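# Close look at the chain arrangement
Single-letter residue listing:
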Amino acid sequence: MIICCSPSFFNETETESTLNFGCVTKTIKNHIKINEELSPEKWKIKYENSLLIIKNLESKIKELELAKESKSLDTDEFVFDNSSYSKKSK
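What comes next concerns the included structure. On a predicted model such as this, the values are computed, not experimentally measured, just so you know.

Take the side chain of T15 next. Mapped onto the elements, T15 comes out in helix α1 (residues 12-26). Classification of T15 as buried rests on a relative accessible area of 12%. Polar side-chain contacts of T15 include one of 3.3 Å to the backbone nitrogen of S6. The contacts of T15, once residues within four sequence positions are left out, are C5 and S6.

This is how it looks when you write it as structure tokens:
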């Protein structure tokens, strides 16, 4: 991006707002994502994988609920990350 500024006192406010705009636009990050045309077979595989993920998460929820009910939930034995909760391997 090219920003045009004037050294004149007459254009001080416009120059300041232009520089502020330039600082804000420097922080913008674009994330590229490829648009894919999936075949019916690939959609089916994607759907089946999603079902497996859902079943795994449901079983983990049940496990955590049972542990909570029995009050034997020790948070040190679980690994917490953005995608899932799993028991630490010993």
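The first and last C-alpha atoms of α1 sit 21 Å apart over 15 residues, in line with the 21 Å expected at 1.5 Å per residue. The complete set of buried residues in α1 reads T15, T18 and G22. Projected onto a plane normal to the axis of α1, the buried residues spread over an arc of 65 degrees and lie on a single side. Exposed residues on α1 whose side chains face more than 90 degrees from its buried face are T13 and V24.

Another aspect to go through is the state of the cysteines. Cysteine pairs can be linked by a disulfide, which is a covalent bond between their two sulfur atoms. As enumerated under the stated definition, the model contains zero disulfides in all. With no disulfide partner, C4 has as its closest neighbouring cysteine sulfur the one in C5, 7.4 Å distant. Note on C4: relative accessible area 66%, which makes it exposed.

How each quantity is defined
Residues numbered from 1 in each chain as written. Predicted model: local features only at pLDDT ≥ 70, side-chain atom pairs only at ≥ 80, totals over all residues. Heavy atoms only, no water. Helix = DSSP H or I, 4+ residues; strand = E, 2+ residues; numbered from the N terminus. Buried < 20%, exposed > 50% of the residue type's maximum accessible area, 1.4 Å probe, protein only. Polar contact = N/O pair within 3.5 Å; in protein donor to acceptor, adjacent residues only side chain to side chain. Contact = heavy atoms within 4.5 Å. Expected span 1.5 Å × (residues − 1). Arc of directions from axis to C-beta. Disulfide = S-S within 2.5 Å.

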